[in-house]
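Structure at a glance
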Amino acid sequence: MAGRFDNLIAGRWAAGEGEIENRSPSDQTDLIGLYAQAGLDQLNETLDAAVAAQRRWAMSGLEKRQAVLDAIGRELMDRSKELGRLLSREEGKPLAEGVGEVYRAGQFFAYYAAEVLRQIGENADSVRPGVEVEVRREPVGVVAVVSPWNFPTATASWKIAPALAFGNAVVWKPANLTPASAHALAEIIARQDIPEGLFSLVMGSGATVGQALIESPKIQAVSFTGSVEVGRGVARSAAPNFTKLQLEMGSKNALAVMDDADLDLAVAAALNGAFGGTGQKCTASSRLVVHERVHDAFVDALVAAMRGLKVDHALEEGTQMGPVVSEGQLRGNLRYVGLAGEAGAELAFGGGRADVGHDGFYMQPTLFTGTRNDMAVNREEMFAPIACVIKVGGYEEALAVVNDTEFGLTSGIVTKSLARAGHFRRHARTGCVMVNLPTAGTDYHVPFGGRGRSSYGPREQGRWAVEFYTTAKTAYVKAGEPEA
Ligand code: NDP
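The rules behind each value
- Along each chain, residue indices are assigned from 1 in the same order as the chain's sequence is written.
- At least 70 in pLDDT is required for a residue's local features to be given in this predicted model, at least 80 for side-chain atom pairs to be given and counted, and no such filter applies to totals for whole chains, interfaces and linings, which use all residues.
- Side-chain metrics in this entry use all non-hydrogen atoms of the structure; hydrogen atoms and water are not considered.
- Note on conventions: DSSP H or I runs of at least 4 residues are helices, E runs of at least 2 residues are strands, and numbering of each starts at the N terminus.
- Based on C-alpha atoms, the radius of gyration is set beside the globule rule, defined as 2.2 Å times the residue count to the power 0.38.
- Here the term buried applies to any residue with accessible area under 20% of the maximum for its type, exposed to any over 50%, and partly exposed to those in between, with areas from a 1.4 Å probe on protein chains only.
- Residue contacts follow a heavy-atom distance rule, with two residues in contact if any of their heavy atoms lie within 4.5 Å.
- Note that domain bounds follow an automatic or database assignment of domains.
- Buried area: the sum, over both parts, of the accessible surface (1.4 Å probe) that disappears when the two are put together.
- The salt bridge criterion pairs a side-chain nitrogen of Lys or Arg with a carboxyl oxygen of Asp or Glu, the two atoms within 4 Å.
- Between N or O atoms, a polar contact is any pair within 3.5 Å; within protein, one atom must be a potential hydrogen donor and the other a potential acceptor, and residues adjacent in sequence are included only when both atoms are from side chains.
- Strand pairing follows a simple DSSP-based rule, namely that at least 2 bridges must link the two strands.
- Convention adopted: a line fitted to C-alpha atoms gives each axis, helices being fitted over their contacting stretch, and angles between N-to-C directions are expressed from 0 to 180 degrees.
- Under the convention used throughout, the expected extent of a helix is 1.5 Å for every residue step, that is, one less than its residue count.
- The near set for a molecule or strand comprises every residue that places at least one heavy atom within 4 Å of it.
- Here the open area of atoms and residues is found with the Shrake-Rupley method and a 1.4 Å probe, where only the protein chains shown may cover a residue.

1. Overview of the overall build of the protein
Counting its regular elements, the protein contains 15 helices and 21 strands. On C-alpha atoms alone, the protein measures out to a radius of gyration of 24 Å, which is about the 23 Å that the 2.2 N^0.38 rule sets for 484 residues. In terms of its C-alpha atoms, the protein occupies a principal-axis envelope of roughly 85 × 65 × 40 Å. Residues counted as buried form 56% of the 484 residues belonging to the protein. Here the analysis covers contacts within the protein between residues at least 6 apart in sequence; of these, 72% occur between residues at least 24 apart.

2. Considering the domain arrangement of the protein
The assigned domain composition of the protein is domain 1 (4–249 + 445–474) and domain 2 (253–435). Distance between the C-alpha centres of domain 1 and domain 2: 31 Å. With 30 residues of domain 1 in contact, the opposing surface of domain 2 contributes 33 residues. Both faces considered, domain 1 and domain 2 share a buried interface measuring about 2,500 Å² in area, 61% of it formed by carbon and sulfur atoms. Its largest share of buried area at the contact with domain 2, domain 1 owes to Ser26, Trp149 and Arg451, together 21% of the area lost on that side. On the surface where domain 1 and domain 2 come into contact, there are one salt bridge. Note that Glu406 and Arg453 form a salt bridge whose closest N and O atoms lie 3.4 Å from each other. Put simply, domain 1 and domain 2 have eleven residue pairs in polar contact (both at pLDDT 80 or more) between them. Every element with two or more residues in the side of domain 1 that touches domain 2 is listed here: strand E5 (27–37), helix H3 (80–91) and helix H4 (95–116). With four residues, H3 is the single largest residue contributor to the side of domain 1 that touches domain 2.

3. Some details on the pattern of salt bridges
All told, the structure shown has 27 salt bridges when counted by the stated rule. Each member of the salt-bridge network shares a partner with another, and the members are Glu75, Arg79, Glu82, Glu187 and Arg191.

4. A closer look at the sheet that holds strand E1 (residues 4–5)
Spatially, three strands are ordered E1-E5-E4 in an open sheet, and the strand pairing comes out mixed. What marks the edges here is a single partner per strand, and that holds for E1 and strand E4 (18–24). Pairing of E4 with E5, which is carried by seven bridges, proceeds in the antiparallel orientation. Each residue of the ladder has a partner; that of Glu19, found in E5, is Ala36. Across the sheet, H3 touches E4 and E5, and the angle it forms with E5 is around 105 degrees.

5. Comments concerning helix H9 (residues 263–275)
Compared with an ideal rise of 1.5 Å per residue, which puts 13 residues at 18 Å, H9 spans 18 Å between its outermost C-alpha atoms and is within 8% of the ideal. The set of residues buried in H9 consists of Ala266, Val267, Ala269, Ala270, Gly273, Ala274 and Phe275. Summarising the contacts, the buried residues of H9 are in contact with strand E13 (253–257), strand E14 (285–291), helix H10 (295–307), strand E16 (366–369), strand E17 (386–392) and strand E18 (410–414). Two to three positions downstream of the cap, the backbone nitrogen of Asp264 sits 3.0 Å from a side-chain oxygen, assigning the N-cap of H9 to Asp262. Immediately downstream of H9, the backbone of Gly277 shows phi near 60 degrees, a positive value.

6. Let's talk about the side chain of Ser455
In this structure, Ser455 sits in strand E20 (residues 455–456). One polar contact links Ser455 to Glu248, side chain to side chain, over a distance of 2.6 Å. Within the structure, Ser455 has its side chain in polar contact with the backbone nitrogen of Gly450 (distance 2.6 Å). The contact partners of Ser455, leaving out residues within four places of it in the chain, are Leu247, Glu248, Met249, Leu409, Gly449 and Gly450.

7. Observations regarding the sheet that holds strand E6 (residues 122–125)
Read across the sheet, three strands follow the order E6-E7-E21 without closing on themselves; strand pairing throughout is antiparallel. With partners counted over all chains shown, the strands left at the sheet margins are E6 and strand E21 (470–478), one partner each. On average, each strand axis in the sheet is inclined to that of its neighbour by 25 degrees, with strand direction left out of account. As paired elements, strand E7 (residues 131–139) and E21 share nine bridges and run antiparallel to each other. The residue bridging Val131 from the neighbouring strand is Lys478, located in E21.

8. Describing the side chain of Thr470
With respect to the secondary-structure elements, Thr470 resides in strand E21. Its relative accessible area of 3% is what places Thr470 among the buried residues. Only 2.5 Å separates the side chain of Thr470 from the backbone oxygen of Val466, close enough to count as a polar contact. In contact with Thr470, other than residues within four places in its own chain, are Arg137, Glu138, Pro139, Val140, Phe166 and Lys244.

9. So, the site of the ligand
Near the ligand, the surroundings consist of 28 residues, among which Ser147, Lys173, Ser227, Met249 and Glu381 are the closest. The contact in question runs from an oxygen atom of the ligand to an N or O atom on the backbone of Gly226, over 3.3 Å. Contact with the protein chains covers 85% of the free accessible surface of the ligand, which is 900 Å². Counting residues per element, the ones that place at least two in the shell around the ligand are helix H7 (206–215) and strand E11 (221–225).

10. Brief notes about unusual backbone geometry
One non-glycine residue, Thr278, lies in positive phi territory at about 55 degrees. Here Thr278 is to be found in the loop between H9 and E14. Positive phi values are uncommon outside glycine, yet Gln461 reaches one of about 75 degrees. The topology assignment puts Gln461 in the loop between E20 and helix H15 (466–469). Of the residues examined, Gln461 reaches a relative accessible area of 2% and is grouped as buried.

Next comes the structure, spelled out in structure tokens:
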């Protein structure tokens, strides 16, 4: 019998006003559990508790905070096999990717545990003689974390860890498609020695619980990762309260393959970037901008590699690409296949559902050639295992195509030329640039974020996170002359 999983409301586990079934996208007969859906009264109760708990946490002392974050990080890393399996089961990414994600989530907590002890302010002399200035960072207060399903543990962790490290309370609304990973992480955090209500889990629908959370005047900041459309709504809803915002949204990343590229490397980068995580990554390489001199050889080699990709159940040994996350997502992907065909693109591989013998949402890895950058498949984020090749005549044209997008999260170039690589690093209009690497795959100790419609607000990750999760206080002190 499937278990029932509660929300964490004001420090206590509580059933909701309803519950949802969580079924595996690899096999719809696999019921993972029933997950509570928070009511609006519960949300209010937990927000009140968060306000009070945050004040206590901010005064709790650095070693206390460091120890809590370190313990969460260590447990995530120690249990990465078990929790990674759960993640893969509910999200659909292959087991190795699920385990890797949970381990990485642990590394975020370990990193920010260390950052707790590196909070050092600045001092200056005032322009007024006899006055000294101290600049210190203070927590922003209660932070709403709204996270997506595609990296259910890692994305939430790179928000929750710095929020707690810098002395804030967190109310977390995870994606409703991946509540099991959310519940597992919340269960670890709830067991720590933290003030009651400092951290809450409010599973529920985005339209109700999510919306009420971001509209609340009791929160001081929202860190959101998800689609552009929902992100725009979050910005609109947060504006009346002037709530601090950090939005990480979609993208349309391009990998440029030059005529001097190591083709094996280019194919490996394209395969990883386009089809890793079933293409459901904000850093996915959905546009492949290929020099005409190597176009045919690159496409032939990529198609051969795609033919060898094992599409199967996420937990099956040897699976390289799991199912897409839901029936709705799969239907959306197939709509894009139709749109590409109607626009005149040529289908080089895939294009349909994949039958692997399970009741899941499987799609073939798909490649289109003969595409133009103005086609819908090259303008809109598909979040699908679909890549489109755009043929170009040279480096300058490649760079122009890479930059011709409303988004700007990552971009990449495969080239042996130091001059081209250097020029690309400086002129690609994206937050992250990759040279001879897939567009996906980033570290945790350096900033992550994009330009254009991909991101809004201060960068996430590394020590750059301090900008969003703290607010600066400037103190002016006139000590006067000591008494004799
Ligand atoms: P959505 O934008 O649909 O949802 C993101 C989160 O917002 C979910 O938790 C969702 O809840 C919640 N939400 C939905 N409506 C509201 C609302 N009105 N108010 C508050 N919260 C709301 O994205 P998906 O979860 O479908 O994730 C896929 C998208 O995320 C892709 O488009 C991708 O580009 C983007 N993404 C971007 C990343 C980046 O770093 N740039 C990383 C990962 C994903 P619910 O699940 O209940 O709908």
